Amino acid sequence: MGMSEFYAGGSEEQSIATIHRALDLGVTLLDTADMYGWGHNERLVGRALKGRRDQVVLATKFGNVRGPNGEFLGIDGRPDYVRKACDASLQRLGIDVIDLYYQHRVDPKTPIEDTVGAMADLVRQGKVRHLGLSEAAPATIRRAAATHPIAALQTEYSLWSRDPETEILSTCRELGIGFVAYSPLGRGFLTGRFRRPEDIPENDWRRHHPRFSGENFAHNLRLAETVRSMAKEHRCTAAQLALAWVLAQGKDIVPIPGTKQVALLEENLGALSITLSEDDLQRLDEAFPRGATAGDRYLPQGMQALNL
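Below you will find a few notes about this structure. (Residues numbered from 1 in each chain as written. Predicted model: local features only at pLDDT ≥ 70, side-chain atom pairs only at ≥ 80, totals over all residues. Heavy atoms only, no water.)

1. Examining helix 10 (residues 278–287)
Side chains that are three or four residues apart share a direction in an α-helix, a result of its 3.6 residues per turn.
Moving on, step 1. Turning to helix 10, its buried residues are Asp280, Leu281, Leu284 and Ala287. One side of helix 10 carries all its buried residues, which in axial view fall inside an arc of 125°. Exposed positions of helix 10 whose direction lies more than 90 degrees from the buried face are Glu278 and Glu286.
Moving on, step 2. On its buried face, helix 10 sits against helix 7 (214–234) and helix 8 (238–247). (Buried < 20%, exposed > 50% of the residue type's maximum accessible area, 1.4 Å probe, protein only. Helix = DSSP H or I, 4+ residues; strand = E, 2+ residues; numbered from the N terminus. Arc of directions from axis to C-beta. Contact = heavy atoms within 4.5 Å.)

2. Here's the deal with helix 7
Moving on, step 1. An ideal rise of 1.5 Å per residue puts 30 Å on 21 residues; helix 7 measures up with 31 Å between its terminal C-alpha atoms.
Moving on, step 2. Of all the bends in helix 7, the greatest, near 25°, is centred on leucine 223.
Moving on, step 3. Taken as a whole, helix 7 has its buried residues at Phe217, Asn220, Leu221, Leu223, Ala224, Val227, Met230 and Ala231.
Moving on, step 4. Buried residues in helix 7 make contact with helix 8 and helix 10.
Moving on, step 5. Looking one or two residues beyond helix 7, the residue adopting positive phi is arginine 235, at roughly 55°. (Expected span 1.5 Å × (residues − 1). Bend = angle between axes of the 7 residues up to and from the residue.)

3. Section: the pattern of salt bridges
Moving on, step 1. Under the definition given, this model contains 26 salt bridges.
Moving on, step 2. Measuring nitrogen to oxygen at the nearest pair gives 2.8 Å for the salt bridge that ties lysine 127 to aspartate 87. Note that lysine 127 is positioned in the loop between helix 4 (112–124) and strand 6 (128–134) and aspartate 87 in helix 3 (residues 79–93), a separation of 40 residues in sequence.
Moving on, step 3. We classify lysine 127 as partly exposed; its relative accessible area is 25%.
Moving on, step 4. For glutamate 156, the salt bridge identified is with arginine 297, shortest N-O distance 3.1 Å. Pair noted here: glutamate 156 is in strand 7 (residues 152–156) and arginine 297 is in the loop between helix 10 and helix 11 (300–303), with a separation of 141 residues, a long-range link. There is no split in this pair, since glutamate 156 and arginine 297 are both buried.
Moving on, step 5. Overlapping salt bridges, with partners in common, bring together Glu135, Glu156, Arg187 and Arg297 in one network. (Salt bridge = Lys/Arg side-chain N within 4 Å of Asp/Glu carboxyl O.)

These figures come from the coordinates and say nothing about function on their own.
The following block contains the structure:
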């Protein structure tokens, strides 16, 4: 996502080099969406995968509709839109089949059975291999899974976003659905990169994010200090410790940290060599209990599209 929109900085050359380095280091899952940069990110990923398509599980998403100037036009899960969105993604990516196709957000106006039914047709047609949902409520997940097997649920999950632990994770585990944790570094906050709001570039979406604003920023910075201090004990970076925590929550959980820099990609992968003890996990649980983070995960409009 950050290679094409929302987060400041970077170039296409740098982004493609980062993707290539990820493949060289054994990363096997790439995650994009049709809305990232109005399709720009799918085209970028498609170019990066030329000649290397068979090395990855490629995931993309549909449902968040954008206008010609990038404006958000709502969520669409109607069967006809599902088919059109899939064909457009295949064309932009330059591939014949999508490995994992997510509904990016649930359309409250369209029964989930209708949306997933159309997605299942794509599987039968050979355009898609596996189906996923994103930010869906437990009841919706169950209805979707009764229509067609759901391979993965993608939802924000990190030390500062632990809502899935209430019911979503247990639902996924009951149904045999993998869990993909997006923003596992708290949109970069848990890395310690941002010490004050002014550290965020002016054209960066996080400037207006509730958790990066005003008193919320100061509160959350105090929480993140625990990660920084424990990282020093483990002789690793704060990002590596935060990712190690997500990895420790279960083998069925796959974090997808995003970066457009080779050095940060390599740093993130270093989390695989970190083992947290039961004492470490308890300390982090006590420092980051559910609900401890100040501020909503999105602005009000975005919050309305979660857990539907």
